[in-house]
Protein chains: 2
Amino acid sequence: MEIKDTVALLKSKGYRITPQRVAIIRILRDHEGHPGVEEVFRSVIQVHPNISMATVYNVMEVLEKEGIIKAIANSKKSRRYDSEVKPHGHFICNSCGRVFDIPMKYYEACLKVFPSEMTDFEVNSFELTIKGICPDCKKKLL
Amino acid sequence: MEIKDTVALLKSKGYRITPQRVAIIRILRDHEGHPGVEEVFRSVIQVHPNISMATVYNVMEVLEKEGIIKAIANSKKSRRYDSEVKPHGHFICNSCGRVFDIPMKYYEACLKVFPSEMTDFEVNSFELTIKGICPDCKKKLL
DNA sequence: TTCATTGCAAAAGTTTTGCACGTGC
DNA sequence: GCACGTGCAAAACTTTTGCAATGAA
């Protein structure tokens, strides 16, 4: 999504467009991978030297609530986010903790696993999480 | 798995069978749902009043490493475990944080989503995580 | 006996909160 | 100007670590 579209979306929801929010939105758009709060903070502090972690947490929460980013299910380490909100899977390396995207060519097949008897559950997001060892770590472990 | 089988497995891997480990294994077997470390601690402290969190963390880590329990991918709140290690999905309520099991009738269909070009990744676990609002919270939110 | 494991306490790391001040609208 | 958002500092939590004492094999 274009930055100005994201900004427009936030504005339409009644959020104020602060330079800190815009900066974080820009950083997330340019960032490759799956940054954590700490990583976003380290980037945004170069533009806004006085910004605090509390603000980063606040902005990330707003962006997640509005569906602009997605929190990644991740049992180890701390929270990470994905600015790709289209359904796809994640591979989490048990050794280095890195998160890899899995292209969900067969997403439709996966959708079928949601049982019909659970219709009372309101589905917001749908994520496939695979854990294991990534190729790099496999080499190192040998 | 029977407690004595779990104990035998640990013993065969060279772990010592301490009363604390046995107590936690027993608690996990009897516990319904998806306890966190804190919850396990509150149960085990009734049998071993001097046990410390560090020991609970230690035991849970051993059990997870040996495939006796599984850590649940969970971006919010703290780590939770599942003593059901057979592949199945989880529904995580964004409102109350509870974890519901999803019977994976269509697990085979889901397996297909792992792309053939990612053969260099070693898959340890495969989990479907769906987030949304559970029926109870939906009622409360109305 | 021996060495893995425990309990404790402290440290490290993550996330939340309260509040005064600043700023977008 | 008003109310929301920010920055700061402290608090609340979660998880890890170092080490002396303990106890399973």
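Note that this is a predicted model, so its numbers are computed, not measured.

1. Describing the protein's contact with DNA strand D
Around DNA strand D, 18 residues are found, and the nearest of them are T18, Q20 and N50 of chain A together with R16 and Y57 of chain B. Take T18 of chain A: an N or O atom from its side chain is 2.8 Å from a phosphate oxygen of DNA strand D. R21 of chain A is positioned with one of its side-chain polar atoms (N or O) 3.0 Å from a phosphate oxygen of DNA strand D. Those elements that provide at least two residues to the surface near DNA strand D are α2 (19-30) and α4 (53-65) of chain A together with α4 (53-65) of chain B.

2. Overview of the UniProt feature "binding site: Zn(2+)" (unreviewed entry) in chain A
Here the UniProt feature "binding site: Zn(2+)" (unreviewed entry) sits at C93, C96, C134 and C137 of chain A. Overall, C134 of chain A belongs to the buried group, its relative accessible area being 0%.

3. Examining the pattern of salt bridges
Summed over all chains, the structure comprises 8 salt bridges over all chains. A salt bridge links D30 of chain A to R29 of chain A; the shortest N-O distance between them is 3.2 Å. The closest approach of N and O atoms between R42 of chain B and E38 of chain B, which form a salt bridge, is 3.5 Å. Of this pair, R42 of chain B and E38 of chain B both sit in helix α3 (residues 37-44), separated by 4 residues, roughly a single helical turn. Among the residues examined, R42 of chain B registers a relative accessible area of 46% and is labelled partly exposed.

4. Here's the deal with the packing of helix α1 (residues 3-12) of chain B against helix α2 (residues 19-30) of chain B
When two helices pack together, their arrangement is captured by the angle between the axes and the distance separating the axes. Residues and elements named next belong to chain B. Where α1 meets α2, the axes come as close as 10 Å, and the angle between the chain directions of the two elements is 135°. In terms of orientation, α1 and α2 fall into the oblique class. Of the two possible hands of crossing, α1 and α2 adopt the one that is right-handed. Contacts from I3, T6, V7 and L10 in α1 reach V22, I25, R26 and R29 in α2. Class assignment of the residues belonging to the contact of α1 with α2 gives a composition of 5 nonpolar, 1 polar and 2 charged.

5. Some points on α1 of chain B
All names here are of chain B. Listed as buried for α1 are I3, T6, V7 and L10. End-on, the buried residues of α1 take up no more than an arc of 100°, which puts them together on one face. Along α1, exposed side chains directed more than 90 degrees from the buried face belong to K4 and S12. Looking at the buried side of α1, the elements it contacts are α2 and α4. Phi for G14, located one or two positions after α1, is positive at around 95°.

6. A look at helix α3 (residues 37-44) of chain A
Residue and element names in this part refer to chain A. Buried within α3 we find V37, V40, F41 and V44. Seen end-on, α3 carries its buried residues on one side only, within an arc spanning 100°. Contacts from the buried residues of α3 go to α2, α4 and β2 (80-82).

7. What to know about the protein's contact with DNA strand C
Taken together, 18 residues form the shell around DNA strand C, and within it Y57 of chain A together with T18, Q20, R21 and T55 of chain B come nearest. Expressed as a percentage, the sugar and phosphate content of the atoms of DNA strand C within 4 Å of the protein is 74%. Within the contact set of DNA strand C, a base oxygen lies 3.1 Å away from a side-chain nitrogen or oxygen of R16 of chain B. Here a sugar or linking oxygen of DNA strand C and a side-chain polar atom of Q20 of chain B are 2.9 Å apart. If you list the elements that add at least two residues to the surface near DNA strand C, you get α4 of chain A together with α2 and α4 of chain B.

8. Focus: the side chain of R21 of chain B
Residues and elements named next belong to chain B. Relative to the assigned elements, R21 resides in helix α2. The buried charged residue R21 lacks any salt bridge partner; its closest oppositely charged side chain belongs to E66, at an N-O distance of 9.6 Å. Separated by 3.0 Å, the side chain of R21 and the backbone oxygen of R16 make a polar contact. Discounting chain neighbours no more than four positions away, the residues touching R21 are Y15, R16, N58, V59 and V62.

Conventions we followed
Residues numbered from 1 in each chain as written. Chains lettered and ligands numbered in written order. Predicted model: local features only at pLDDT ≥ 70, side-chain atom pairs only at ≥ 80, totals over all residues. Heavy atoms only, no water. Near = heavy atom within 4 Å. Polar contact = N/O pair within 3.5 Å; in protein donor to acceptor, adjacent residues only side chain to side chain. Helix = DSSP H or I, 4+ residues; strand = E, 2+ residues; numbered from the N terminus. UniProt positions renumbered as here; feature names shortened; annotations may be inferred. Buried < 20%, exposed > 50% of the residue type's maximum accessible area, 1.4 Å probe, protein only. Salt bridge = Lys/Arg side-chain N within 4 Å of Asp/Glu carboxyl O. Axes fitted to C-alpha atoms, helices over the stretch in contact; angles between N-to-C directions. Parallel < 35°, antiparallel > 145°, perpendicular 65-115°, else oblique. Left-handed = near helix turned anticlockwise from the far one by under 90°. Contact = heavy atoms within 4.5 Å. Nonpolar A, V, L, I, M, F, W, Y, C, P; charged D, E, K, R; others polar. Arc of directions from axis to C-beta. Lys, Arg positive; Asp, Glu negative; His and termini not counted.

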